[in-house]
Structures are given as C-alpha cells and as structure tokens.
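Fold and contact review
Here is what each chain is made of, one letter per residue.
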Amino acid sequence: MLTKQLQRLCDIAEASHKTIQQDHEDIDPLIGVSQNMRQSGIPADVMTVDCLRSRKRIIFILHDHHPDVVRYQFTEMDNDPGSDFSEVALGDLTTNLFYQWVCDFFKIDQTSA
C-alpha cells in the first residue's frame, strides 16, 4: 500500500519520465520504489532514479515523521549513499523540478561519451 506522499512522488516521477524520454534520448531513467525500510521497521519509503549510461542515481526518501518533506541525494550508482541528504517540501517538488534535476544530473557529456 502506497502512502499518499509516495503516490504523489510516483505521479511526479511518471509524468516527468514521459517528457524526459521524449526530450532526451541519451537519458533513459530507471525509476524504482522500495518499501524495504518500512518492512524493516523504519517508517519510510525510498524512490531511486538511475541512469545506466552515466551511472548516476538520485535517491528520494519519504519519512512518515516528516510527511511534507522529501529528502534527496544526488549520488553515483556504484557508491553507497552518504548521510548528507538535502530536503525539499513535497509541495515544492513539481514535475518541472523533477524533470530539471534528472536532466541536469544525468546529462551525458558528449565530449567523453
């Protein structure tokens, strides 16, 4: 069962994903949702957005104790996440902002690709 916060984040990701695929052939983000933390007794859900070509990842965490906040981190797929997460209000995380983050962070440097 998805929380309303996770459902909102999934809706934002889904809408953004369609536009990203249309606008950027070199970025094909893979979006995953995990409730493993919740199943382990931590009241939180995780969404990851990965780019296989750049090996980059964006991690989003929604914690029940802070339902109006999304914690996020820009990282590499091959590295464990650090403890330095940034925060944004869930209401401020729009489809456009999600799109911009993914496109900017996953951008493939054509000179080295």
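Throughout, a residue's number is its position along its own chain's written sequence, starting from 1. Local features in this predicted model are restricted to residues whose pLDDT is 70 or higher, and side-chain atom pairs enter the listing and the counts only when it is 80 or higher, whereas totals over whole chains, interfaces and linings include all residues. Where side-chain values are given, they derive from all heavy atoms of the structure, hydrogens and water being excluded.

**Here's the deal with the pattern of salt bridges**
- Within this document, salt bridges are pairs made up of a side-chain nitrogen of Lys or Arg and a carboxyl oxygen of Asp or Glu, the two lying within 4 Å of each other. All told, the structure shown has 5 salt bridges when counted by the stated rule.
- Residues Asp64 and Arg38 are paired through a salt bridge, measuring 2.8 Å at the closest nitrogen-oxygen approach. Highlighted residues: Asp64 in the loop between β3 (56-63) and β4 (69-76) and Arg38 in helix α2 (residues 36-39), separated in sequence by 26 residues.
- Whether a residue is buried, partly exposed or exposed follows from its accessible area with a 1.4 Å probe, protein chains only, as a fraction of its type maximum: under 20%, in between, or over 50%, in that order. Assessed through its relative accessible area of 38%, Asp64 is described here as partly exposed.
- Salt-bridge contacts for Asp78 lead to Arg55; the nearest nitrogen and oxygen are separated by 2.7 Å. Taken together, the residues Asp78 in the loop between β4 and β5 (86-89) and Arg55 in the loop between β2 (44-51) and β3 connect sequence positions 23 residues apart. The secondary structure listing takes helices from DSSP runs of H or I that are at least 4 residues long and strands from runs of E that are at least 2 residues long, numbered from the N terminus.

**Points about the sheet that holds β4**
- We call two strands paired when DSSP finds no fewer than two bridges between them. Read from one edge to the other, the open sheet built from 5 strands follows the order β1-β2-β3-β4-β5, with strand pairing classed as antiparallel. Either end of the sheet is taken by a strand with one partner, and the two such strands are β1 (30-34) and β5. When the angles between neighbouring strand axes are averaged without regard to direction, this sheet yields 25°.
- Pairing of β3 with β4 involves 7 bridges; the strand directions are antiparallel. Looking across to β4, one finds that Ile61 is bridged to Arg71. Angles run from 0 to 180 degrees between N-to-C directions of axes, and those axes are lines fitted to C-alpha atoms, restricted for helices to the stretch in contact.

**Side note on the confidence of the model for the protein chain**
- For every residue, the pLDDT score states the predictor's confidence, bounded by 0 at the bottom and 100 at the top. Scored by pLDDT, the protein chain has a mean of 92; 95% of the residues are at 70 or more.
- Here α2 is the element of the protein chain with the lowest mean pLDDT, 92, and β5 is the one with the highest, 98.

**What to know about helix α3 (residues 95-106)**
- Under the convention used throughout, the expected extent of a helix is 1.5 Å for every residue step, that is, one less than its residue count. The end-to-end C-alpha distance of α3 is 16 Å, a good match for the 16 Å that 12 residues give at a rise of 1.5 Å each.
- Listing the buried residues of α3 in full gives Phe98, Tyr99, Trp101, Val102, Cys103, Phe105 and Phe106.
- Note on contacts: a residue pair qualifies if any of its non-hydrogen atoms lie within 4.5 Å across the two residues. Against α1 (4-23), β2, β3, β4 and β5 lie the buried residues of α3.

**Digging into the state of the cysteines**
- Defined by distance alone, a disulfide is two cysteine sulfur atoms within 2.5 Å. A complete count under the given rule lists 0 disulfides for this structure.
- Of the cysteine sulfurs around Cys10, a residue in no disulfide, the closest is that of Cys103, at 19 Å.
- Exposure remark for Cys10: the relative accessible area of 17% places this residue in the buried category.
- We note that Cys103 lacks a disulfide partner, and the nearest cysteine sulfur, in Cys51, lies 10 Å from it.

**Re the pairing of β3**
- Note that β2 and β3 share 8 bridges and pair antiparallel. When the sheet's bridge partners are listed, Thr48 is paired in β3 with Ile59.
- Here β2 folds back onto β3, and the loop between the two strands holds 4 residues, one of which, Arg55, carries a positive phi near 65°.
- Counting the residues between successive antiparallel strands, the hairpin from β3 to β4 contains 5 residues.

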